[in-house]
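# Notes for the structure review
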Amino acid sequence: NTRGVVLLVAVRDGELKRGGKIYCTYSKKSYSVQEMGILYPGPRPLDNLRSGQIGFIMVGAKDIRSFRVGETVFADGGHKTGEPFPGFRPAQ
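What you see is a predicted model; the values in this text were computed from it and never measured.

## Comments concerning the overall build of the protein
Along its length, the protein carries zero helices and nine strands. Going from the N terminus to the C terminus, the protein shows its helices and strands as β-β-β-β-β-β-β-β-β. For 92 residues, the compact-globule estimate of 2.2 N^0.38 gives 12 Å, and the protein sits close to it at 13 Å. Judged by the C-alpha coordinates and their principal axes, the protein covers about 30 × 25 × 20 Å. Considering the protein as a whole, with its 92 residues, one finds that 30% of them fall into the buried category. The long-range share in the protein, meaning contacts at least 24 apart out of those at least 6 apart in sequence, stands at 60%. Summing over all exposed atoms, the protein offers an accessible surface of approximately 6500 Å²; the carbon and sulfur share of this is 51%. Counting 14 positive and 8 negative side-chain charges, the protein places the centres of these two groups 5 Å from one another.

## Quick notes on the sheet that holds strand S3 (residues 21-24)
With respect to topology, three strands assemble into an open sheet ordered S4-S3-S9, the strand pairing being antiparallel. At either margin of the open sheet sits one strand with a lone partner, and together these are strand S4 (29-32) and strand S9 (73-75). The mean angle between the axes of side-by-side strands here comes to 30 degrees, regardless of whether they run parallel or antiparallel. Two strands pair when backbone bridges link them, and S3 and S4 are joined in this way by four bridges, in the antiparallel orientation. Opposite lysine 21, over in S4, you have serine 32 as the bridge partner.

## Some remarks on the pairing of strand S8 (residues 54-58)
In terms of residue burial, S8 counts as a mostly covered element, since four of its five residues are buried. The pairing of strand S1 (residues 6-10) with S8 spans five bridges and is antiparallel. Within the sheet, the bridge partner assigned to leucine 8 lies in S8 and is phenylalanine 56. With three bridges joining them, strand S5 (residues 35-39) and S8 adopt antiparallel strand pairing. Bridge pairing links methionine 36 to isoleucine 57 in S8.

Rules behind the numbers
Residues numbered from 1 in each chain as written. Predicted model: local features only at pLDDT ≥ 70, side-chain atom pairs only at ≥ 80, totals over all residues. Heavy atoms only, no water. Helix = DSSP H or I, 4+ residues; strand = E, 2+ residues; numbered from the N terminus. Rg over C-alpha atoms; globule rule 2.2 N^0.38 Å. Buried < 20%, exposed > 50% of the residue type's maximum accessible area, 1.4 Å probe, protein only. Contact = heavy atoms within 4.5 Å. Areas by Shrake-Rupley, 256 points an atom, 1.4 Å probe, with all protein chains shown as cover. Lys, Arg positive; Asp, Glu negative; His and termini not counted. Charge placed at Lys NZ, Arg CZ, Asp CG, Glu CD. Pairing = 2+ DSSP bridges. Axes fitted to C-alpha atoms, helices over the stretch in contact; angles between N-to-C directions.

Honestly, it's all geometry; don't read function into it.
Now the structure itself:
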């Protein structure tokens, strides 16, 4: 039983919810958040992550190449009005 890719995230603004959708700027794909939580010190499941929290999200993706370190992830619909964080450049 594998959980797939685990994304470590810092929520800058707003809220991410379990069961909600996220949009990844690198892959330009939407994913459904299957699990989320904080590491305290081990994984502790939560129903949401709010502005200022650092945690993890799992979207059921199996291919790590769909994600990049430092990319911007938006809650559903946010990518239409938001801008990726400045300074993001793929690793060389």
